[in-house]
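Fold and contact review
Each chain, letter by letter, is given below.
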Amino acid sequence: MDPFTLGAGFGFGALLVGIIFAVICSTIAKEKGRSGGWWGLWGFLTTFIALIVLVLIPRRSRVH
């Protein structure tokens, strides 16, 4: 089992990307005088919504 993805294809890697994106969103929100906590939460959840959409999109079949 791959330790980075925990065998799921996007496990730990997605969590790491979500945390990084949440920190970036929170920092930008604080600079603009908005609630960093809420914007950080939305940044974290947006990453997982994008992953769910990617999983649900049907794969293209290659014709040789």
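Residues numbered from 1 in each chain as written. Predicted model: local features only at pLDDT ≥ 70, side-chain atom pairs only at ≥ 80, totals over all residues. Heavy atoms only, no water.

1. A look at the overall build of the protein
Tallying secondary structure elements over the protein gives two helices and zero strands in all. Approximately 5400 Å² of the protein is accessible, and the part contributed by carbon and sulfur atoms is 71%. (Helix = DSSP H or I, 4+ residues; strand = E, 2+ residues; numbered from the N terminus. Areas by Shrake-Rupley, 256 points an atom, 1.4 Å probe, with all protein chains shown as cover.)

2. Digging into the UniProt feature "transmembrane region" (unreviewed entry) in the protein
Here the UniProt feature "transmembrane region" (unreviewed entry) sits at residues 6-29 and 36-57. End C-alpha to end C-alpha, residues 36-57 measures 32 Å, and it is 95% helix and 0% strand. (UniProt positions renumbered as here; feature names shortened; annotations may be inferred.)

3. Here's the deal with the side chain of S26
Mapped onto the elements of the fold, S26 is located in helix α1 (residues 11-31). Residue S26 is classed as buried on the basis of its relative accessible area of 14%. Every residue in contact with S26, bar those within four places of it in the chain, is listed here: G36 and G40. (Buried < 20%, exposed > 50% of the residue type's maximum accessible area, 1.4 Å probe, protein only. Contact = heavy atoms within 4.5 Å.)

4. Notes on the environment of L45
Topologically, L45 is positioned in helix α2 (residues 36-56). Judged by relative accessible area, which is 36%, L45 ranks as partly exposed. Measuring from C-alpha to C-alpha, the distance between L45 and I19 comes to 9.5 Å, with 26 residues separating the pair along the chain.

5. With respect to a nonpolar patch on the surface
Where nonpolar side chains cluster on the molecular surface, the patch consists of W38, W39, L41, W42, L45, I49, V53, L54 and I57 and spans about 960 Å² of accessible area. Here L41 lies in helix α2. For L41, a relative accessible area of 38% puts it in the partly exposed group. (Patch = residues over 30% accessible without salt bridge, like charges linked within 9 Å, V, L, I, M, F, W, Y side chains within 5 Å. Salt bridge = Lys/Arg side-chain N within 4 Å of Asp/Glu carboxyl O.)

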